[in-house]
Amino acid sequence: MAWGLASLVVALILGVAVLWPLTPSVGSAAYLVRAHLATHHSPGLTGLPRPDRVAQALVATEDSRFHQMPGIDPISVVRVGLATLSGGGDTGGATLEQQLAKNLYFPHDDGFVSMVKEAELALKLDASYSKNEILRLYLADVYFGHGFYGLPAAAEGYFGVTPAQLSWAQASMIAGLVQAPSAYDPIRHLSTGRLRQQH
């Protein structure tokens, strides 16, 4: 098992080194977010709202080591590697940067090669943008269900307020939607949405 995990780590490092020059630059991230929002007629997010309750709830539930990690989380990589080697299911582990990279650059790709590319772009995003800017890009782009792309559309659509006006209860409900907007939909599945909100 240890040999297999070490081999997986070496393969990932080599994959990142080889594919680094072949993956896209992340300088276009803000443009891609604006283009995506324009496609769905959704308003942009020019900065994190103050207070940034949704961002705090999102980090707490989706990527608790976000502020300490450089775009990928080595602890999660090891956990996913062990689960893969033992035949276990998907244990998650994608950082917010990896999720943003997937949403912007590889929305329809799955598999090992796509995971390596997402990891590379996550490292590039982390090197190119501040953590607050990454959160802003993520919250501007992510889908919250019911045709709401981006935090401004979700805050208005679900609660009739701006992102800065969201209460903690509303912010935690919205943050919980990014994992599975249909499953945690507070309109159709309120009890399930509340369980996710409490998490």
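On a predicted model such as this, the values are computed, not experimentally measured, just so you know. (Residues numbered from 1 in each chain as written. Predicted model: local features only at pLDDT ≥ 70, side-chain atom pairs only at ≥ 80, totals over all residues. Heavy atoms only, no water.)

A. Spotlight on the overall build of the protein chain. Within the protein chain one finds 10 helices and 0 strands. The helix and strand sequence of the protein chain, counted from the amino end, reads α-α-α-α-α-α-α-α-α-α. Counting all 199 residues of the protein chain, 45% fall into the buried class. Considering only intrachain contacts with a sequence separation of at least 6, the fraction spanning at least 24 residues in the protein chain is 67%. Accessible area for the protein chain stands at about 10100 Å²; split by element, carbon and sulfur atoms hold 61% of it. (Helix = DSSP H or I, 4+ residues; strand = E, 2+ residues; numbered from the N terminus. Buried < 20%, exposed > 50% of the residue type's maximum accessible area, 1.4 Å probe, protein only. Contact = heavy atoms within 4.5 Å. Areas by Shrake-Rupley, 256 points an atom, 1.4 Å probe, with all protein chains shown as cover.)

B. Focus on the environment of A153. Among the secondary structure elements, A153 is positioned in helix α8 (residues 151–159). Sequence separation between A153 and Y143 is 10 residues; the distance between their C-alpha atoms is 9.6 Å.

C. Quick peek at the nonpolar core. With 45 residues, the main nonpolar core has L139 and F144 as its most contacted residues. At the level of secondary structure, the elements contributing two or more residues to this core comprise α2 (29–39), α3 (53–62), α5 (96–105), α6 (112–128), α7 (131–141), α8 and α9 (168–177). Here this core takes 6 residues from α7, the largest share from any one element. Those residues within four positions of F144 in sequence are excluded, and the remaining contacts are L139, G150, L151, A154, Y158, I174, L177, V178 and P181. (Core = buried A, V, L, I, M, F, W, Y, C linked by side-chain atoms within 4.5 Å.)

D. Local environment of the packing of aromatic side chains. The tally for this structure, following the rule as stated, stands at 3 aromatic pairs. Ring geometry for F148 versus Y158: centroids 5.0 Å apart, planes at 75 degrees, classification edge-to-face. In this pair, F148 sits in the loop between α7 and α8 while Y158 sits in helix α8, placing the two residues 10 residues apart along the sequence. On the accessibility criterion, F148 (18% relative accessible area) is buried. On the basis of relative accessible area, Y158 is assigned to the buried category, the value being 14%. (Phe/Tyr/Trp six-rings, centres within 6.5 Å; stacked < 30°, edge-to-face > 60°.)

E. Here's a closer look at the pattern of salt bridges. All chains considered together, the criterion is met by 7 salt bridges. The partner of D52 in a salt bridge is R50, with the nearest N and O atoms 3.5 Å apart. Three or more residues joined by partner-sharing salt bridges are found here, namely E97, D126 and K131. (Salt bridge = Lys/Arg side-chain N within 4 Å of Asp/Glu carboxyl O.)

F. Examining the environment of E156 more closely. Tracing the chain through its elements places E156 in helix α8. Spatially, the C-alpha atom of E156 lies 9.6 Å from that of L166, the residues being 10 residues apart in sequence.

G. Representation of the packing of α2 against α7. At a minimum axis separation of 9 Å, α2 and α7 run at an interaxial angle of 20 degrees. When the axes of α2 and α7 are compared, the pair comes out roughly parallel. By crossing handedness, the relation of α2 to α7 is classed as left-handed. The segment α2 lies against α7, with A29, A30, V33, H36 and L37 engaging L137, A140 and D141. Across the contact of α2 with α7, the residue classes tally to 6 nonpolar, 1 polar and 1 charged. (Axes fitted to C-alpha atoms, helices over the stretch in contact; angles between N-to-C directions. Parallel < 35°, antiparallel > 145°, perpendicular 65-115°, else oblique. Left-handed = near helix turned anticlockwise from the far one by under 90°. Nonpolar A, V, L, I, M, F, W, Y, C, P; charged D, E, K, R; others polar.)

H. Examining unusual backbone geometry more closely. The linkage connecting R50 with the following residue, P51, adopts the cis geometry, with an omega of 0 degrees. Summarising the element assignment, P51 is placed in the loop between α2 and α3. Positive phi is not limited to glycine here, since H41 has a value of about 55 degrees. Phi at H146 is positive, roughly 55 degrees, even though this residue is not glycine. Note that H146 resides in the loop between α7 and α8.

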